[in-house]
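# Observations on chain architecture
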Amino acid sequence: MNQGMFDDLNAQLDAMSPEIQGAALISNEGAVIFQKGETIADQSLVGIAGAAVMRLAEHIGSGLTECPAQEISIRCDRHTALFVPVGADALLMLVLSADTDTRPLARAIPGMVSALGQRVVS
C-alpha cells in the first residue's frame, strides 16, 4: 500500500465513521509505515506491539481449526485501538472513541483495501 492508497482508505473510513481519531499502517515487522491523526506517541512501541498482537492472534486462531484473525481491539475508558490485517504483510490500526462499535469497520476494511488494490492494477 502506498501513501495515496492509505489516504484514500482513510477518506473512505472517515466517511463511514466519524469516530476515527487516528490511523496507522504497520508492517508485520512492526514499523509504522504511514500515520494520520491521533495515534499513540511512541510509534516504535505501537508498531512492535501491534505486529506481536496480530501474530499471537494468528497463532491462537490456527489452533482453533483454521480460524483466521479478523480483528483485534484494545479498549480502555476513553479509546479503542482496532487492529485489522490488510494483506499478507501489514495491519491497519485505528484509534476510535471507546464506545464505537468496531465490527462494521473490521468487516468493511478488507473489501476497501481489495478495491483500492484493483484500482491500482486497472
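Residues numbered from 1 in each chain as written. Predicted model: local features only at pLDDT ≥ 70, side-chain atom pairs only at ≥ 80, totals over all residues. Heavy atoms only, no water.

### With respect to the overall build of the protein chain
In terms of helices and strands, the protein chain carries three helices and five strands. Ordered by position from N to C terminus, the α and β elements of the protein chain give α-β-β-α-β-β-β-α. Within the protein chain, the fraction of its 122 residues that count as buried is 39%. Summed over all atoms, the accessible surface of the protein chain reaches about 6,800 Å², with 56% contributed by carbon and sulfur. (Helix = DSSP H or I, 4+ residues; strand = E, 2+ residues; numbered from the N terminus. Buried < 20%, exposed > 50% of the residue type's maximum accessible area, 1.4 Å probe, protein only. Areas by Shrake-Rupley, 256 points an atom, 1.4 Å probe, with all protein chains shown as cover.)

### Considerations on the side chain of Thr102
Structurally, Thr102 is set in the loop between β5 (90-97) and α3 (103-121). With a relative accessible area of 4%, Thr102 lands in the buried category.

### Details of the confidence of the model for the protein chain
Per-residue confidence for the protein chain gives a mean pLDDT of 80, with 79% of residues at or over 70. Per-residue pLDDT, averaged within each element of the protein chain, yields its smallest value for helix α2 (residues 43-63) (68) and its largest for helix α1 (residues 3-16) (92). (pLDDT = per-residue confidence, 0-100.)

### So, the pattern of salt bridges
Scanning the model with the defined rule gives two salt bridges in all. For the salt bridge of Asp14 with Lys36, the shortest nitrogen-to-oxygen distance reads 3.2 Å. Linking Asp14 in helix α1 with Lys36 in strand β2 (residues 32-37), this pair joins segments that are 22 residues apart in sequence. The exposure class assigned to Asp14 is partly exposed, which follows from its relative accessible area of 30%. With a relative accessible area of 32%, Lys36 lands in the partly exposed category. Arg103 serves as the salt-bridge partner of Asp101, at 2.9 Å between the closest nitrogen and oxygen. Given the relative accessible area of 39%, Asp101 is considered partly exposed. (Salt bridge = Lys/Arg side-chain N within 4 Å of Asp/Glu carboxyl O.)

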